[in-house]
Amino acid sequence: MTDPAKSTPVPPGPVIRVVDLVRRFDGRAVLDGVCLDVQAGETMVVMGGSGCGKSTLLRHMIASMWPDEGRVEMFGRDLAGLSDDELDGLRRRFGILFQSGALFNSMSVADNVALPLREHTDLDGRTIDIIVRIKLELVGLREAMDRMPAEISGGMKKRAALARAIALDPEILFYDEPSAGLDPVTCAEIDHLIRDLSAKLGVTSVVVTHEMDSAFRIADRMAMMDRGRLLHVAPRGDFEAIRDGAGGGDETRDLIRQFLRGDPEGPITARRRSSGYAEDILHAAGGA
Amino acid sequence: MTPLPADQRRGALELIGAAALSGLAYAGGMALLLAAAARHAVGALTGHKARSGWRRLAEQIVRVGWRSVGVVVLVQTFIGVILALQMTPPLEPWGQVDKVANIVGVAGFRMLGPIITAVVLSGFAGASVAAELGTMVVSEEIEALEAIALNPVRYLVVPRVLATMVCTVLLAVVADLMIALGGYLASLALGPQSYLGYWTRMHDQLAYRDFVTGLIQAGVFGLLIGTIACHEGLSVRGGAEGVGRAATMTVVYSIVAIIAAACVFAMVFYVYKL
């Protein structure tokens, strides 16, 4: 495709660079000094419990939220310094798979995939139709191209949304909880698809998830978030070693281990218990 | 009347202040949206990809306007009948029953045609646009649009606001004709003094400006409905409940805005003798 935005050479260094990112909601820091580099071609999985800030981090990377402090760079350019037109040019270079799929419900599956092509390229209808079929075949959904989003299952919606996300041949793909709400088999299928797309299209991927099986299947590198901070960023093998190793000693590693294994006992649960439960009960009893 | 105690007075003042502030914030939000829509409208209809801009506008005109034609025809015929029947008794003692045609013409073309059409559209089109955009917000579709570098204002707001404007004007023309027809139908029941020469009298009474001022008002009412509906829809928070609220508030705010604007128009037209 002849998109002027694509001809910009990518400077050496990380494709995405998050530097000292701080974001507060009502005075509470949801992101508290996050630094993260994503290298070209790798699949980076950001994990963490609910409310740890991983989705907020993703939203800053896709320029749908803006930092209070720090910055997010993509292809070497600070997102906050871009004009609306420049930002739109950049948006054509990345694709996003939203948690719900976020298909346009008033359009068929094929029209959903065709929309970015119709609006951003000068290709004729026949060519667009062919590209749509190719993209849908990649996600195994060509047979359902004329169906409406309301008529297909959750897994099919995610695949259709993925086909839309790759319509413009993006260089980066963002996934927000790709396996949330799917059965194990569909979940494994989606993971396979993510790996497949990375391999076939050579895209850089950023995946936000709390599904550990899925995370270990797709990651090249992993980042663990907790309460608005990045605890640990390392290759997948490193996290596998933490998961399979013995406990005791370093608290951060224990915390990560509990999360990776899904253990009911450990630093995460101990933290919750020590949050003044007894005092709270006593206070309630005293006040009654 | 005893004056309120100081703290109650302060409470009342704070309430008024808070209401005024939120009113101002709302008007500001509307103005910003309208300004953004105006900025994008030119690009959407003249620039690159103008064809798809016109196609979306046509889709919205069909959706907003075409579906409302039946209701407008029905309601406005009733208005014509009501006007004729209610104006006849006061005219009778003066032997002026034939003037019903003049009254129906002026009241219909200058005011009731545009206003009632706009009220019908605020329920028909306004509520449905607000609900549609609200649902899109809730299901992440707006974010998805931005993610594929399509500006929601250009892609969604511009065609909807323009379509509501165009449709209110076109339907106001239909409304004028239907009110006149309704008045004629009632005159047929009222007797020959009423219906003989009905169309001639209405034609003689009405000036070109009666028609045009009505349509100008209709255009402004349409702009208000479209902007309020899009603003309410895009501000939806909190799931299905928020969507329902947006639809309801669109109708309420639209009707208030329409009547208020009509009042301003009446003053301006009176002062400038239009």
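What counts and what doesn't
- Residues numbered from 1 in each chain as written.
- Chains lettered and ligands numbered in written order.
- Predicted model: local features only at pLDDT ≥ 70, side-chain atom pairs only at ≥ 80, totals over all residues.
- Heavy atoms only, no water.
- Helix = DSSP H or I, 4+ residues; strand = E, 2+ residues; numbered from the N terminus.
- Buried < 20%, exposed > 50% of the residue type's maximum accessible area, 1.4 Å probe, protein only.
- Contact = heavy atoms within 4.5 Å.
- Lys, Arg positive; Asp, Glu negative; His and termini not counted.
- Charge placed at Lys NZ, Arg CZ, Asp CG, Glu CD.
- Pairing = 2+ DSSP bridges.
- Axes fitted to C-alpha atoms, helices over the stretch in contact; angles between N-to-C directions.
- Phe/Tyr/Trp six-rings, centres within 6.5 Å; stacked < 30°, edge-to-face > 60°.
- Lys NZ or Arg CZ within 6 Å of the ring centre and 35° of its normal.
- Buried area = accessible area lost by both parts, 1.4 Å probe.
- Salt bridge = Lys/Arg side-chain N within 4 Å of Asp/Glu carboxyl O.
- Polar contact = N/O pair within 3.5 Å; in protein donor to acceptor, adjacent residues only side chain to side chain.
- Nonpolar A, V, L, I, M, F, W, Y, C, P; charged D, E, K, R; others polar.
- Left-handed = near helix turned anticlockwise from the far one by under 90°.
- Parallel < 35°, antiparallel > 145°, perpendicular 65-115°, else oblique.
- Core = buried A, V, L, I, M, F, W, Y, C linked by side-chain atoms within 4.5 Å.

1. Considering the overall build of chain B
No. 1: Of regular secondary structure, chain B possesses 10 helices and 0 strands.
No. 2: Start at the N end of chain B and walk to the C end: the helices and strands fall as α-α-α-α-α-α-α-α-α-α.
No. 3: Its C-alpha atoms put chain B at 65 × 65 × 35 Å along the principal axes.
No. 4: The 274 residues of chain B split such that 47% are buried.
No. 5: For chain B, the share of sequence-separated contacts (at least 6 apart) that also reach a separation of at least 24 residues comes to 83%.
No. 6: Charge centroids of chain B, computed over 18 positive and 15 negative side chains, lie 7 Å from each other.

2. Concerning the sheet that holds strand 6 (residues 94-97) of chain A
All names here are of chain A.
No. 1: Read across the open sheet, the 6 strands follow the order 6-7-8-3-9-10; overall the sheet is mixed. Every interior strand has two partners, whereas the edge strands, strand 6 and strand 10 (229-235), have only one. Strand-to-strand, the axes of this sheet are offset by a mean angle of 15°, without reference to chain direction.
No. 2: As paired elements, strand 7 (residues 172-176) and strand 8 (residues 204-209) share 5 bridges and run parallel to each other. Looking at strand 8, one finds that Leu-173 is bridged to Ser-205.
No. 3: In the packing of helix 8 (residues 236-244) onto the sheet, contacts are made with strand 3 (43-47), strand 9 (221-226) and strand 10, and the angle to strand 10 comes to roughly 110°.

3. A closer look at the side chain of Glu119(A)
No. 1: You can see Glu119(A) is positioned in helix 3 (residues 109-120).
No. 2: The exposure class of Glu119(A) is buried, given its relative accessible area of 10%.

4. Topic: the packing of aromatic side chains
No. 1: In the structure shown here, the tally under the stated rule is 8 aromatic pairs over all chains.
No. 2: Both rings, one in Tyr198(B) and one in Trp199(B), keep their centres 5.0 Å apart while their planes meet at 85°; by these two values the pair is edge-to-face.
No. 3: For the cation-ring pair, Arg93(A) lies above Phe75(A), with the distance from its terminal atom to the ring centre recorded as 3.8 Å.
No. 4: Taking NZ or CZ as reference, Arg164(A) lies 4.5 Å from the ring centre of Phe104(A), over its face.

5. Details of the interface of chain A and chain B
No. 1: On the chain B side, the residues contacting the 23 residues of chain A number 17 residues.
No. 2: Buried surface at the junction of chain A and chain B, summed over both partners, amounts to about 1,700 Å²; 52% is from carbon and sulfur atoms.
No. 3: There are 3 salt bridges connecting chain A and chain B.
No. 4: Summed over the shared surface of chain A and chain B, the number is 9 residue pairs in polar contact (both at pLDDT 80 or more).
No. 5: Per element, the largest residue contribution to the side of chain A that touches chain B is 5 residues, and it comes from helix 3 of chain A.
No. 6: Here the side of chain A that touches chain B is composed, by residue class, of 9 nonpolar, 6 polar and 8 charged.

6. Brief notes about the pairing of strand 2 (residues 28-38) of chain A
All names here are of chain A.
No. 1: As defined by bridge partners, strand 1 (residues 16-25) adjoins strand 2 across 8 bridges and the pair is classed as antiparallel. Following the sheet pairing, Leu-21 is matched in strand 2 by Val-34.
No. 2: Hairpin connection, strand 1 to strand 2: the antiparallel pair is bridged by 2 residues, and Asp-26 has positive phi, about 50°.

7. Examining the packing of helix 6 (residues 152-190) of chain B against helix 9 (residues 208-234) of chain B
Helix-helix packing is characterised by the crossing angle of the two axes and by the distance between the axes.
All names here are of chain B.
No. 1: In the contact formed by helix 6 and helix 9, the axes pass within 8 Å of each other and the chain directions differ by 145°. Remark: the crossing between helix 6 and helix 9 carries right-handed chirality. Along the contact surface, helix 6 presents Val-157, Arg-160, Val-161, Thr-164, Met-165, Thr-168, Val-169, Ala-172, Val-173 and Asp-176, while helix 9 presents Phe-211, Leu-215, Ala-218, Gly-219, Phe-221, Gly-222, Leu-223, Ile-225, Gly-226, Thr-227, Cys-230 and Leu-234.

8. Some details on the sheet that holds strand 2 of chain A
All names here are of chain A.
No. 1: Within the open sheet, the 4 strands sit side by side as 2-1-4-5. Their pairing is antiparallel. In the strand order of this sheet, the two ends are held by strand 2 and strand 5 (77-78), each with one partner.
No. 2: Of the strands in this sheet, strand 1, strand 2 and strand 4 (69-74) are in contact with helix 1 (residues 54-61), which crosses strand 1 at around 120°.

9. Considerations on the pairing of strand 9 of chain A
Residues and elements named next belong to chain A.
No. 1: Across the 6 residues of strand 9, 5 count as buried, placing the element largely inside the fold.
No. 2: For strand 3 and strand 9, the ladder comprises 4 bridges, and the chain directions are parallel. Across the sheet, residue Met-44 finds its bridge partner in strand 9, namely Arg-221.
No. 3: The pairing of strand 9 with strand 10 spans 6 bridges and is antiparallel. The residue of strand 10 that forms the bridge with Arg-221 is Pro-235.

10. Structural notes on the packing of helix 9 of chain B against helix 10 (residues 239-271) of chain B
Residues and elements named next belong to chain B.
No. 1: Running from N to C, helix 9 and helix 10 point in directions that differ by 150°, and their axes come no closer than 9 Å. The angle between the axes of helix 9 and helix 10 places the two elements in the roughly antiparallel class. At the point where helix 9 passes helix 10, the crossing takes the right-handed sense. Residues Thr-213, Ile-216, Gln-217, Val-220, Phe-221, Leu-224, Ile-225, Ile-228, Ala-229 and Glu-232 of helix 9 form the contact with helix 10, whose own contacting residues are Ala-246, Met-249, Thr-250, Tyr-253, Ser-254, Ala-257, Ile-258, Ala-261, Ala-262, Phe-265 and Phe-269.
No. 2: By residue class, the composition of the contact of helix 9 with helix 10 is 16 nonpolar, 4 polar and 1 charged.

11. Quick notes on the environment of Phe98(A)
No. 1: Position of Phe98(A) among the secondary structure elements: in the loop between strand 6 and helix 3.
No. 2: Assessed through its relative accessible area of 2%, Phe98(A) is described here as buried.
No. 3: In this structure the C-alpha to C-alpha distance between Phe98(A) and Phe174(A), which are 76 residues apart in sequence, comes to 8.3 Å.
No. 4: Sequence-distant contacts of Phe98(A), defined by excluding residues within four places in its chain, comprise Arg59(A), Lys158(A), Asp176(A), Glu140(B), Glu143(B), Ala144(B) and Ala147(B).

12. Things to note about the nonpolar core
No. 1: Counting 63 residues, the largest nonpolar core has Ile16(A), Val18(A), Leu36(A), Val46(A), Leu57(A), Met74(A) and Phe174(A) as its most contacted members.
No. 2: Ranked by residues supplied to this core, first place goes to helix 6 of chain B with 6 residues.
No. 3: Residues in contact with Phe174(A), not counting those within four places in the same chain, are Ile16(A), Leu58(A), Met61(A), Ile62(A), Met74(A), Phe94(A), Gly95(A), Ile96(A), Leu97(A) and Val206(A).
No. 4: By size, the runner-up hydrophobic cluster in this structure holds 52 residues, among which are Leu162(A), Ala165(A), Val207(A) and Leu255(A).

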